[in-house]
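Examination of the molecular architecture
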Amino acid sequence: MLLGSAPASAAVRVDKIIAKPVTKSSSCSTKSTPTIEPQSGKYADFCLALALNGGGDTELGGIPGLGDDAKNMKISLASGQIGSPRAAPTCTPQRFRSTSGCPTASQVGSVSAAVEGLVPLTESLLQGKVFNLDPVGTEAARLGLQIEVVLPGLPGVPAIKLESAIRLRADDGGLDATVQNAPREFLGIPIEMRRLGLRLWGSKADHPTMREGFTSNPTDCSRPAVGRVSIESYRGDVTTASDSYTPTDCGTLDYSMTSDILTNREADAPTFATAEIRVPAPKEPRVIAHVKEAELAMPEGFELSPTAASGAPLEGCTDEQFDRFGEGPVKCPEASRIGEVEFDSPVLPKGAIKGPIFLGMPTPGKKLRFVATAALGPEDDAVRVKLEAVATVNPDTGQVTVRMSGLPPVPFTLFRFTFRGGNNAIVASPRTCGVGEQRTTAVLFSGQPDVTATSGIPTDQGCTDPAAFSPSLGAATTPSQAGADTTVITTLERPDKHARIASATVRLPPGLLGRLGAAAQCNLGDAATGNCPADTKIGSVVATAGPGPEPLRLGGDVYLTQGQGTDPAGLTITANAMFGPIDLGKVVVPGRLQVRDADKGLNLVVERVPQRQEGISTAIRALEVRLDKPGFALNATNCAPQQLTATLGSDLGGSADVTAPYQATGCENLPYVPKLSAVLTGGAKEAAQDGHPGLTATLSQGPGEANTKKVELLLPAGISVDVTRINRACPIATFQAGGCPATSRLGKAVASTPLLSTPLTGPVTMVQVPGAPLPELRIELNGVLPITLAGTISAGPNQRLRTTVDPVPDVPLSRFELSFSGGDESVLQAGKNLCAESAVTFDGTFVSQAGSTYTSTTPVEIAGCGPAATLKVSSLKRGRPSLDLRVVGARNRLKTVQLVVPKGMEFQRSAVVKKRLRISASGLTKGAKARVTVSGQSIRVTVPSGQSAKVLRVRMRGGGLRVSTRLRRSTGRLSFRLNASQVGTANTRSTLRVRPGG
């Protein structure tokens, strides 16, 4: 027994308190020591006895006006110490207050009170009854205390009647009884209550007027059962006191239950789910053990459905809105309501109570929370129970387990909760028909072993073949103009109730490509966690997930990533998985970009499509990928009908091949003007008859042109294959195995494409293909987008050597340079002195992917095959050198000659130089004169437009050049540079080394 100290000014104190269950034969008074009945769960009389001292403001030795009296009293029974309002019929408060009073059948206890002041100098011991009244408002029960007053010589004295409201405590489910305005006078006579004995009946066997037992003991033997009393005096001072006992014999309590789940029984569909736990009603002599925690494991196959968050927004209820331990109504938003709860307990006066279930806002360690409130009566004036449950989801199977902890220690006979159904149901049923087992486990306050109940849950409606797999593929480009930048939209979709898409390989048609340099590449570590930076984003995605007609839409992004292995790049798709207010994180779908060897088209390979996120199904119904970063995707330049194809794998091991049409448009509007230039290298030596020149050919195209499909080149007349060297060709099988020797390599190739930021490079290899009369070429372009081109060699018109490359993939190449080595490594052979030829040309025929053809004849520059020149320099040491330059065209007539003097020499101003010049040009028309331009260290002579000269001679007298002192003293040879252009060729450069005279 604990007595709280009252304030110094208070006059009411509790001298003694008893708050224990007692035997039937024990009195309930502070003047005796009752025999307690501590057995757990037993229906036993409960005694609350108080010895009060108000300071003596009555005649028994007190000083009138100095004492105080108890006004309000609050009795808090120990958690688990309960009473059943159904033990006896209730009596209305109005009848209780009337002179007729309540019937005997409503009695649930007795009361005694020792009162001073009724009889002078005497303590009056009054007896009375406790009745079961109808509760009012938020009360769980109401008791009426009727204390009979007997005064000598005064018959018919009215009884003292007090009413006590019983309410459920929100924090632990215990009972609080309050008595308001206890009288401090009776019939005008000041009185003081000195002792109070309140006995609430327990067993029906001991009190047969009841229908069933009324009060019972807690079923928790692990801690004391503490009863408390708080008394407020008329002066407003408060005194507290408590008493306790420890229940015993918890190990012999009974407990049993049954459980079941009801659904719409349809396979692979949104469904309502009603879970029901039933417990037998308490029977004497003891109640069954109270449940501390309850756990319901739904059958495997039932899972939380993404469709719960589709349709109307799904919100969460905050702790402040729910106010679990408050007595008022919850204020959760209607959009967080996901079901209904029903709860029945003997402590409730009028049977089961019902109310809504809300989705709770996640808290640390409790991501999936359900909060429920059940109430009886008007919203603001009701008996209310508030509960919380936490759901966990098996990350591998999706099995849902709902655990309710912190249950109040009160018995219940029915606990039923229903998750809503319809298109936006919380639960989805198994994909296959059959009977699954649900398991309900109860953890008891008594500490006894957990109790488990199971039942079979049938799914036998709407059964289909779960392995059925008939997905579809859709594709579109906007715009469809050939060669234009475009947005590529690809859609994968499966019918409802079909197997889930688990993998995908999507093959883009040739020419529908992406510029890998248009975005940065996300590193694979960041890509794996869905944390790619913004500059790697190349598109967006919309995914739908969940069964039924209203799947959940999830938005996300597409990022360009680094490639794996030899892949040029990769893609990562991320989608934000939001289950209403619950953030499940990002669903990350990694993909690989691979280049097909055959046509250099792109494959997008997704090896694993995630099926769950934190256990909740994310199995996609449809996935729309939109590659819309400006400058990334571009259309093919071939307008023939093509297809996207895909191979999709299911999670049950099936696969399906699907297609979608694709066709670029407007090919007739594409320009196609490829430009070819060529240079024979090796100088005059290799350009001479029987020499082995090198060759560099460059093909270039401007932006917006159609891509090239076929190239056919006729080499210049006089160039053939040296048959003595073709035995260097590598067998094609050896080439394919990567084992060709260096002697089979003829040169190298370099290609630039707007798709990549770096060019492609690789060797040119001569290979021997069985059955081919001449060796063929294999042009390897290695890099991010590897390409191998095949070239054939054949005899063309007039025995000219023809090289054909067909096909060229539909890839934009802004510049393609093919270089064949000269000299000992060359297989080309000059059949005559090419430097002596007036015209050496390439003839090219080019076919575009769009179908257009372009032909050109290109002059070939022969490096080192320039004009013959002589130069004489005199009077250098005197500082006034004179020059005599004579240039004779070798194979073409001259157009321009430029002489650049060495460092240390500089021409005077133009007027001075021209006075000292004498220019002669043979082969010009009569009266035509060459034009002279002087600038710094150079002098240029240009023949009139449309004419050419066989010989140009430039003579300059002394005084036209300034010479440095260092150069005057020079005794070695001086280097002059000669630039010349001839008809039909590019510029040639040569160096003239001269020893000056004088």
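Everything below is about the structure printed above this text.
As a starting point, this report considers the structure included with it.

Rules used in this analysis
- Residues numbered from 1 in each chain as written.
- Predicted model: local features only at pLDDT ≥ 70, side-chain atom pairs only at ≥ 80, totals over all residues.
- Heavy atoms only, no water.
- Helix = DSSP H or I, 4+ residues; strand = E, 2+ residues; numbered from the N terminus.
- Rg over C-alpha atoms; globule rule 2.2 N^0.38 Å.
- Buried < 20%, exposed > 50% of the residue type's maximum accessible area, 1.4 Å probe, protein only.
- Contact = heavy atoms within 4.5 Å.
- Areas by Shrake-Rupley, 256 points an atom, 1.4 Å probe, with all protein chains shown as cover.
- Lys, Arg positive; Asp, Glu negative; His and termini not counted.
- Charge placed at Lys NZ, Arg CZ, Asp CG, Glu CD.
- Pairing = 2+ DSSP bridges.
- Axes fitted to C-alpha atoms, helices over the stretch in contact; angles between N-to-C directions.
- Salt bridge = Lys/Arg side-chain N within 4 Å of Asp/Glu carboxyl O.
- Disulfide = S-S within 2.5 Å.

1. Description of the overall build of the protein
When helices and strands are counted, the protein shows seven helices and 70 strands. Its C-alpha atoms give the protein a radius of gyration of 52 Å, more than 25% over the compact-globule value 30 Å for 998 residues. Oriented by its inertia axes, the alpha-carbon framework of the protein measures out at about 170 × 70 × 45 Å. Counting the 998 residues in the protein, one finds 54% classified as buried. A separation of at least 24 residues holds for 68% of the contacts in the protein among residues at least 6 apart in sequence. As displayed, the protein has an accessible area near 42,000 Å², and 51% of this comes from carbon and sulfur atoms. Positive and negative charge centroids in the protein, built from 105 and 88 side chains respectively, lie 23 Å apart.

2. What to know about the sheet that holds strand β28 (residues 427–428)
What the three strands build is an open sheet, ordered β18-β28-β21; its pairing is antiparallel. This sheet does not close on itself; its edge strands, each paired only once, are β18 (270–271) and β21 (303–304).

3. Observations regarding the sheet that holds strand β61 (residues 882–888)
Hydrogen bonds along the backbone pair up the strands of a sheet, which may run parallel or antiparallel. Ordered in space as β60-β61-β67-β64, the four strands form an open sheet in which the pairing is antiparallel. Across the chains shown, the open sheet's two edge strands, defined by having one partner strand only, are β60 (868–874) and β64 (917–922). Averaged over all adjacent pairs, the angle separating strand axes in this sheet is 5°, with direction ignored. When β64 meets strand β67 (residues 951–956), the two strands line up antiparallel, connected through six bridges. Bridged to S920 within β67 is R953.

4. Some details on the pattern of salt bridges
Tallying each qualifying case throughout the model produces 47 salt bridges. Between R439 and E437 there is a salt bridge, and its shortest N-O distance comes to 3.3 Å. With relative accessibility at 39%, the residue R439 sits in the partly exposed group. When its relative accessible area of 46% is taken as the criterion, E437 is described as partly exposed. Here D557 ties to K537 by a salt bridge, and the two come within 3.0 Å at their closest N and O atoms. A residue pair is termed long-range when its members are at least 10 positions apart, and D557 in strand β36 (residues 552–561) and K537 in strand β35 (residues 537–545) qualify at 20 residues.

5. Some points on the state of the cysteines
Simply put, disulfide is the name for a covalent bond between the sulfur atoms of two cysteines. Evaluated as defined, the whole model comprises eight disulfides. A disulfide bridge connects C28 with C47, and the sulfur atoms are separated by 2.1 Å. Negative torsions about the S-S bond denote left-handed disulfides, and the value of about 90° found for C28 with C47 makes this one right-handed. With a gap of 19 residues between them, C28 in the loop between β2 (13–22) and β3 (45–53) and C47 in strand β3 connect regions that are remote in the sequence. Here C47 falls in the buried class, since its relative accessible area comes to 0%. C522 shares a disulfide with C532; S-S distance 2.2 Å. Around the S-S axis, the bridge from C522 to C532 shows a dihedral of about -85° and counts as left-handed. Of the two residues, C522 is situated in the loop between β34 (513–514) and α3 (524–528) and C532 in the loop between α3 and β35; the sequence distance between them amounts to 10 residues. Here C522 and C532 have matching classes, each one buried.

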